[in-house]
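What follows is the residue order along each chain.
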Amino acid sequence: MDSLSRRSFIKAGVAAGALAGGLPIPAEKATATEWVTLGRSGIKVTRLAFGTGTHGGRVQQDLGQEGFTKLVRYAYDRGIRFFETSESYDSSQQMLATALKGIPRESYALMSKVTTDDGVIPAAKLDELRSNSSTDYFDIMLLHWQHTATWFDDTKHWQDAVMQAQAKGHIKCHGASVHGLPALRQMPGNKWLDVAMIRMNHKGKIMDAESYEMDQIGNVPEVVAHVKQVKKEGMGVISMKLIGEGTFNHEDRQKAMRFAFREAGVDTVTVGYKNTAEIDEAIDNLNLALA
């Protein structure tokens, strides 16, 4: 009997014994690489994601294609199956596509973000992003860097283009990433959003304040309140800036992971890595937070 069959046999025996004795069956232990569903979207991602945009993607790009590919493959082998890129990350899009080449597309989730600039044809830009990522579809497409109180009304033509692409099967679900409280306050009650990407950590570092500028300390209680509200409404929540864009020490990285999942209740978090040790630590920190 191979190890997988043996584990299945033992689990089945334990379950049968528990039922026979009237004992509760212990729940499966939550892990960093477990697949979870993003709210009403139905899209499944691993709790821990691989981000490619540290300092605009420069940290990952500086690894070179060979080093970056090895890092992506290491993360994949460790069970991270959710990868994030963006139009604003420049060549990170193409580098990630190269790194993932040959891996079955259905075995991982891919998210991209589009900058909603004026003077751009939205449909053409979305097609360009698919080409840059060498993919037939994105599991998640976000309207990137929404930072005003009027962003939802200002991006109607982008929303229309996203929905048209979704009807064609080029996008599976959609949402937005926000910067600043005026923009974040437009998320609760927003029926268009499937997914909300929100900055989160326990210290308010590079988090949402009244201004979208990143050099302020954010209003942590208000951000957490909005996260809980949109989750209650059925949105999936993806967290970013968990480790203060690389400025936190080990203790604060552990605290940030615990805070995001245990206190705020986010579904998944994207972290940028530059070496395998950072991947190992992030997995360990999230497993500890979930324990």
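In this report, the structure presented in the accompanying data block is examined. Predicted model, so just to flag it, every value in this text is computed and none were measured.

Secondary structure assignment for the protein yields eleven helices and ten strands. A compact globule built from 291 residues should have a C-alpha radius of gyration of about 19 Å, and the protein, at 20 Å, falls within 12% of that. Its C-alpha atoms give the protein principal-axis dimensions of roughly 65 × 45 × 40 Å. Counting over 291 residues, the protein shows a buried share of 51%. Taking as baseline every contact in the protein between residues at least 6 positions apart, the subset at least 24 positions apart corresponds to 74%. Of the accessible surface of the protein, which amounts to about 13,400 Å², a share of 53% is contributed by carbon and sulfur atoms.

Right, let's get into the sheet that holds strand S3 (residues 48-51). Spatially, S3-S4-S5-S6-S7-S8-S9-S10 is the arrangement adopted by the eight strands of the closed barrel, whose pairing is parallel. When the angles between neighbouring strand axes are averaged without regard to direction, this sheet yields 25°. Relative to strand S8 (residues 195-199), strand S7 (residues 171-178) runs parallel, the two sharing three bridges. Looking at the pairing, Ala176 lines up with Ala196 of S8. Helix H3 (residues 64-78) contacts S3 and strand S4 (82-84) of the sheet and is inclined by roughly 175° relative to S3. Strands in contact with helix H5 (residues 122-132) are strand S5 (109-115), strand S6 (138-146) and S7; relative to S5, the strand with the most contacts, it is inclined by about 140°.

All right, on to the packing of helix H10 (residues 250-264) against helix H11 (residues 276-290) then. H11 packs onto H10 with a crossing angle of 50° between their chain directions and a minimal axis gap of 9 Å. With respect to their mutual orientation, H10 and H11 come out oblique. Where H10 crosses over H11, the two elements pack in a sense that is right-handed. Residues His250, Arg253, Gln254, Met257, Arg258, Phe261 and Arg262 of H10 pack against Glu281, Ala282, Asn285, Leu286, Leu288, Ala289 and Leu290 of H11. Tallied by class, residues from the contact of H10 with H11 come to seven nonpolar, three polar and four charged.

A complete count under the given rule lists one cavity of 30 Å³ or more for this structure. Of the volumes computed, that of the largest cavity is approximately 40 Å³. Considering the residues around the largest cavity, the lining is formed by Leu126, Asp127, Arg130, Phe138, Met141, Ala165, His170 and Ile171. Looking at the lining of the largest cavity, the elements that each hand over two or more residues are H5 and S6. Ranked by the residues each element gives to the lining of the largest cavity, the list is headed by H5, at three residues. Residues belonging to the lining of the largest cavity are distributed by class as follows: five nonpolar, one polar and two charged.

About the criteria used
Residues numbered from 1 in each chain as written. Predicted model: local features only at pLDDT ≥ 70, side-chain atom pairs only at ≥ 80, totals over all residues. Heavy atoms only, no water. Helix = DSSP H or I, 4+ residues; strand = E, 2+ residues; numbered from the N terminus. Rg over C-alpha atoms; globule rule 2.2 N^0.38 Å. Buried < 20%, exposed > 50% of the residue type's maximum accessible area, 1.4 Å probe, protein only. Contact = heavy atoms within 4.5 Å. Areas by Shrake-Rupley, 256 points an atom, 1.4 Å probe, with all protein chains shown as cover. Pairing = 2+ DSSP bridges. Axes fitted to C-alpha atoms, helices over the stretch in contact; angles between N-to-C directions. Parallel < 35°, antiparallel > 145°, perpendicular 65-115°, else oblique. Left-handed = near helix turned anticlockwise from the far one by under 90°. Nonpolar A, V, L, I, M, F, W, Y, C, P; charged D, E, K, R; others polar. 1 Å grid on protein atoms, 1.4 Å probe; cavity = no way out; pocket = protein on both sides within 12 Å on 5 of 7 lines; lining within 4 Å. Points joined across faces, edges and corners; volume = space filled by probe spheres on them.

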